[in-house]
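Coordinate analysis (summary)
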Amino acid sequence: MHSEQIRAILAQHARLSVNVDGLTVDSDLYNAGLTSLTTVNLMLALEDHFNVEFTDQMLGRKTFGTIRSLSEAIEDLLGV
């Protein structure tokens, strides 16, 4: 899993209302303050960091809802 890298990117780009270190891999990021605007910022930062591009089917709350779902999506994109 890429959860620690994702956690660092969340801290920089997601503008969450809670401390990222207090989130579990299954914490709801939208309940933690993620918005549609910050989701775009997060997506762009993740794409840049991992050198991937999220597919249209991945652009939704299911993918961006938790650190675990983001990590799984990135693993899929990387072919891991």
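Residues numbered from 1 in each chain as written. Predicted model: local features only at pLDDT ≥ 70, side-chain atom pairs only at ≥ 80, totals over all residues. Heavy atoms only, no water.

**Quick notes on the environment of Ile6**
To keep it simple, the criterion reads: Labels follow the DSSP assignment, with helices taken as runs of H or I lasting at least four residues and strands as runs of E lasting at least two, numbered in each case from the N terminus. Note on exposure labels: buried denotes an accessible area under 20% of the residue type's maximum, exposed denotes more than 50%, and partly exposed covers the range between, all computed with a 1.4 Å probe on protein chains only. Any two residues having at least one pair of non-hydrogen atoms within 4.5 Å are treated as being in contact.
Relative to the helices and strands, Ile6 is located in helix α1 (residues 3-13). The buried category is assigned to Ile6, whose relative accessible area is 0%. In this structure Ile6 touches Leu46, Phe50, Ile67, Leu70, Ser71 and Ile74, once residues within four positions along its chain are discounted.

**Some points on the pattern of salt bridges**
What counts, and what does not: Here, a salt bridge means any side-chain nitrogen of Lys or Arg that lies within 4 Å of a carboxyl oxygen of Asp or Glu.
One pass over the structure, following the stated rule, counts 2 salt bridges. Between Asp26 and Arg68 there is a salt bridge; the shortest N-O distance is 2.6 Å. Within this pair, whereas Asp26 is found in the loop between α1 and α2 (36-50), its partner Arg68 is found in helix α4 (residues 67-78), the two being separated by 42 residues in sequence. Judged by relative accessible area, which is 31%, Arg68 ranks as partly exposed.

**Points about unusual backbone geometry**
Most peptide bonds adopt trans geometry, and most residues besides glycine take a negative phi value. Backbone geometry places Arg15, a non-glycine residue, at a positive phi of 50°. Structurally, Arg15 can be placed in the loop between α1 and α2. Judged by its relative accessible area of 60%, Arg15 falls in the exposed class. Of note, the phi angle at Asn51 is positive, near 55°, even though the residue is not glycine. Take Asn51: it is sitting in the loop between α2 and α3 (61-64). A relative accessible area of 69% places Asn51 in the exposed class.

**Some details on the packing of aromatic side chains**
We apply this condition: Under the pairing criterion, centres of Phe, Tyr and Trp rings, with the six-membered ring standing for Trp, must be within 6.5 Å; the plane angle then separates stacked pairs below 30 degrees from edge-to-face pairs above 60, leaving the rest tilted. Comment: the charge-over-ring label is applied if NZ (Lys) or CZ (Arg) is within 6 Å of the ring centre and within 35 degrees of the ring normal.
Under the counting rule described, the total for this entry stands at 1 aromatic pair. Consider the rings of Phe54 and Phe64, whose centres lie 5.1 Å apart with planes at 45°: the pair is tilted. Note that Phe54 is positioned in the loop between α2 and α3 and Phe64 in helix α3, a separation of 10 residues in sequence. Side by side, Phe54 and Phe64 carry an identical accessibility label, which is buried. Cation over ring: Arg61 sits above Tyr30, and NZ or CZ is 3.9 Å from the ring centre.

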